[in-house]
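Here is what each chain is made of, one letter per residue.
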Amino acid sequence: HKIPVTVISRCQRHDFRRISVPEIIDQLEKMAEAENISVTKDVLGLIARQATGSLRDAISILDQLASAESEITADLAHQILGTSPDQAVLNFVDAILDQDPGEGLTILHQSAERGNDPGQFTRQVVAYFRNVLLMKMENPDQIDVPDNIFEVIEKHSQQIDTRELLDLIRIFNAAVFDRGASWQPTLPLEMAFLEALDIRTP
């Protein structure tokens, strides 16, 4: 809007956007087939979501995984990406909703012992709560997850009110950027979890 009209009239305009998860999966499937890479669609979905709209990043991740093993499994993908399985995130959210500190902390410590990055786990929790928020806002078309996860999101959206959900997102999003406890990587996530228990409506 700051460019003079006389200049704009002589320019070409290109609007760039993030690529959707289904589009990335489709491209990765074609690449995997062409390169004889053994990988399931669920793992391609994990790669696509991890790439956050960047096809270049998705291709880079696929190439990294393919160079590690001849068959790319979900366990291998989680191990290299530092992510936790979806079920671990769901169990963690259930621990928050059930106000069960013992179970929640156990899940966090087990995830860390498996070599998963606590910061990445926190980002997965934020992404999950965002999906719950989208469901509450009656915008399910924007949720890119497997069908079984979609059903759980629907259930959780009925258990958490909007104000509570916004607070949960703020708490864990702040923990993602907390670098004050680098000597104890799980501490920001543990503190966020305990704070999340306090905001839950009895």
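Note: the structure precedes this text.
As a starting point, this report considers the structure included with it. Just so we're clear, the structure is a prediction, and the values are computed from it rather than from any experiment.

A look at the layout of surface pockets
Right, on to step 1. When its volume is computed, the largest pocket comes out at roughly 1000 Å³.
Right, on to step 2. Lining of the largest pocket is provided by 31 residues; of these, Arg49, Thr52, Ala127, Arg130 and Asn131 occupy positions nearest its centre.
Right, on to step 3. Of all elements in the fold, only α3 (41-50), α6 (86-97), α8 (118-136) and α10 (162-176) reach the threshold of two or more residues within the lining of the largest pocket.
Right, on to step 4. Residue contributions to the lining of the largest pocket peak at eight residues, all from α8.
Right, on to step 5. Of the residues in the lining of the largest pocket, the class split is 14 nonpolar, ten polar and seven charged.

As for the nonpolar core
Right, on to step 1. Ranked by size, the top nonpolar core spans 37 residues in total, and within it Phe92, Ile96, Phe121, Tyr128, Phe129, Ile153 and Phe172 carry the most contacts.
Right, on to step 2. For this core, the elements supplying multiple residues, two or more each, are α6, α7 (101-113), α8, α9 (147-159), α10 and α11 (187-199).
Right, on to step 3. Ignoring anything within four residues of it in the chain, the contact list for Tyr128 reads Val89, Leu90, Val93, Ile149, Val152, Ile153 and His156.
Right, on to step 4. Counting 20 residues, the second-largest nonpolar core is a separate cluster that includes Ile25, Ile61, Ala77 and Leu81.

Here's the deal with the packing of α10 against α11
Right, on to step 1. Between α10 and α11, whose axes approach to 9 Å, the crossing angle comes to 165°. As summarised for this structure, α10 and α11 are arranged roughly antiparallel, according to the angle between their axes. Judged by the twist between their axes, the crossing of α10 over α11 is right-handed. Across the interface between the two elements, Glu164, Asp167, Leu168, Ile171, Phe172 and Ala175 from α10 touch Pro188, Leu189, Ala192, Phe193, Glu195, Ala196 and Ile199 from α11.
Right, on to step 2. Its residues assigned to classes, the contact of α10 with α11 comprises ten nonpolar, no polar and three charged.

How each quantity is defined
Residues numbered from 1 in each chain as written. Predicted model: local features only at pLDDT ≥ 70, side-chain atom pairs only at ≥ 80, totals over all residues. Heavy atoms only, no water. 1 Å grid on protein atoms, 1.4 Å probe; cavity = no way out; pocket = protein on both sides within 12 Å on 5 of 7 lines; lining within 4 Å. Points joined across faces, edges and corners; volume = space filled by probe spheres on them. Helix = DSSP H or I, 4+ residues; strand = E, 2+ residues; numbered from the N terminus. Nonpolar A, V, L, I, M, F, W, Y, C, P; charged D, E, K, R; others polar. Core = buried A, V, L, I, M, F, W, Y, C linked by side-chain atoms within 4.5 Å. Buried < 20%, exposed > 50% of the residue type's maximum accessible area, 1.4 Å probe, protein only. Contact = heavy atoms within 4.5 Å. Axes fitted to C-alpha atoms, helices over the stretch in contact; angles between N-to-C directions. Parallel < 35°, antiparallel > 145°, perpendicular 65-115°, else oblique. Left-handed = near helix turned anticlockwise from the far one by under 90°.

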